[in-house]
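Below, each chain spelled out in residue letters.
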Amino acid sequence: MPRLILLRHGQSQWNLENRFTGWVDVDLTAEGEAQARRGGELIAQAGFKPAVMFTSVLTRAKRTGALALQSAGLTGVPVIEDWRLNERHYGGLTGLNKAETAEKHGEDQVKIWRRSYDVPPPPLAPGGEFDFNADPRYAGKAIPDTESLKTTLDRVKPYWDAEIAPRLKAGEDVLIAAHGNSLRAIVKLLFNVPDDRIVGVEIPTGNPLEIELDAALKPVSARYLDAARAENLPPVAA
């Protein structure tokens, strides 16, 4: 049976500063680098040797994956990057301090923007500091100006179906180094988590989530490799 590991990137500089990051390309902190290396150690201890690693085009995810592979002694694993594994686009909240935003708009409204399944933040205004349309990584792509978790899943699913699922169906083990919301979208897809419950699933940083799949890519087991931080384990269907 194929195995899949989902690895959320380590702490980034904007995580540390409590800012809405989304698609802004910030790097890992020293703590984030350590989390990535620890994830790699856990992957090695589990005997996991992926045939391929998928990641987003954002530095914090790419470096997390690279550091984890290096720490696991797996530097020869091919890496495939794609923007559809990016973090959720936070629209007009991008770059803002989360606490200050709550003071301005109210905690209830910010909680809706952050945690509801299908209510996106206000769109990002064009032409500003965080307008990604001029970024060559997205040239020719119909990129969003804001996203909910639902619309994040809407872009992740076609990529999963076309690029990732076929590798797993062929019996290959796969590592995905990505972000809290793009990985949450994959968890919802695999475990059929209800809309009102997926927003409560919080994948911890740097703790590899190992999922064993059957031939139809239905989960038969799941575990966090760091058992001491095994919160919010997705339900595995019997």
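Within each chain, residue numbers correspond to sequence positions counted from 1 in written order. Totals for whole chains, interfaces and linings use every residue, but because this is a predicted model, local features are given only for residues with pLDDT of at least 70 and side-chain atom pairs only at 80 or more, for both listing and counting. Side-chain calculation: all heavy atoms of the structure are included, whereas hydrogens and water are not.

**Side note on the overall build of the chain**
When its secondary structure is counted, the chain shows eight helices and six strands. The numbering of helices and of strands both runs from the N terminus, where a helix is a DSSP run of H or I of at least 4 residues and a strand a run of E of at least 2. Helices (α) and strands (β) of the chain occur, in sequence order from the N terminus, as β-α-α-β-α-β-α-α-α-β-α-α-β-β. The globule rule is 2.2 Å times the number of residues to the power 0.38, and the radius of gyration it is compared with is taken over C-alpha atoms. By the compact-globule yardstick of 18 Å for 238 residues, the chain fits well, its C-alpha radius of gyration being 17 Å. Along the three orthogonal principal directions, the C-alpha set of the chain runs to about 50 × 40 × 35 Å. The buried share among the 238 residues of the chain stands at 51%. When the accessible surface of the chain is totalled, it reaches about 10,500 Å², and 49% of it is carbon and sulfur. Three labels apply to residues, based on accessible area from a 1.4 Å probe with only protein chains included: buried if under 20% of the type maximum, exposed if over 50%, partly exposed otherwise in between. Areas reported here follow the Shrake-Rupley algorithm with a probe of radius 1.4 Å; residue values treat only the protein chains shown as occluding.

**Thoughts on the sheet that holds strand β3 (residues 79-81)**
Taken in spatial order, the six strands make up an open sheet running β3-β2-β4-β1-β5-β6, and their pairing is mixed. Of all the strands in the sheet, the pair left with one neighbour each is β3 and β6 (219-224). Strand after strand, the sheet turns through a mean of 20° between neighbouring axes, direction not considered. Should DSSP find at least two bridges between two strands, the strands are regarded as paired. By the bridge criterion, four bridges tie strand β2 (residues 52-55) to strand β4 (residues 174-178) in an arrangement that is parallel. Within β4, the residue paired with Phe-54 across the bridge is Ile-176. By the convention used here, residues are in contact when the closest approach between their heavy atoms is within 4.5 Å. Under this scheme, a helix contributes an axis fitted over its contacting stretch, all axes are lines through C-alpha atoms, and angles between N-to-C directions fall in the 0 to 180 degree range. Seen against the sheet, helix α7 (residues 180-191) touches β1 (3-8), β4, β5 (209-213) and β6 and runs at an angle of roughly 150° to β1.

**Quick notes on α7**
Between its first and last C-alpha, α7 extends 16 Å over 12 residues, near the 16 Å set by a 1.5 Å rise per residue. Of all 12 residues in α7, 11 are buried; the element is thus mostly enclosed. For α7, every residue scored as buried is listed here: Gly-180, Asn-181, Ser-182, Leu-183, Arg-184, Ala-185, Ile-186, Val-187, Lys-188, Leu-190 and Phe-191. Multiplying one less than the number of residues by 1.5 Å gives the expected span of a helix.

**Let's talk about the environment of Ser-182**
Along the chain, Ser-182 falls in helix α7. Between the C-alpha atom of Ser-182 and that of Leu-85, which follows or precedes it by 97 residues, the distance is 5.8 Å. Sequence-distant contacts of Ser-182, that is, excluding residues within four places in its chain, are made with Leu-85, Asn-86, Glu-87, Thr-152 and Val-156. A polar atom in the side chain of Ser-182 sits 3.3 Å from the backbone nitrogen of His-179. Any pair of nitrogen or oxygen atoms within 3.5 Å is treated as a polar contact; in protein, a donor-acceptor pairing is required on top of that, and neighbouring residues in sequence qualify only through side-chain atoms on both sides.

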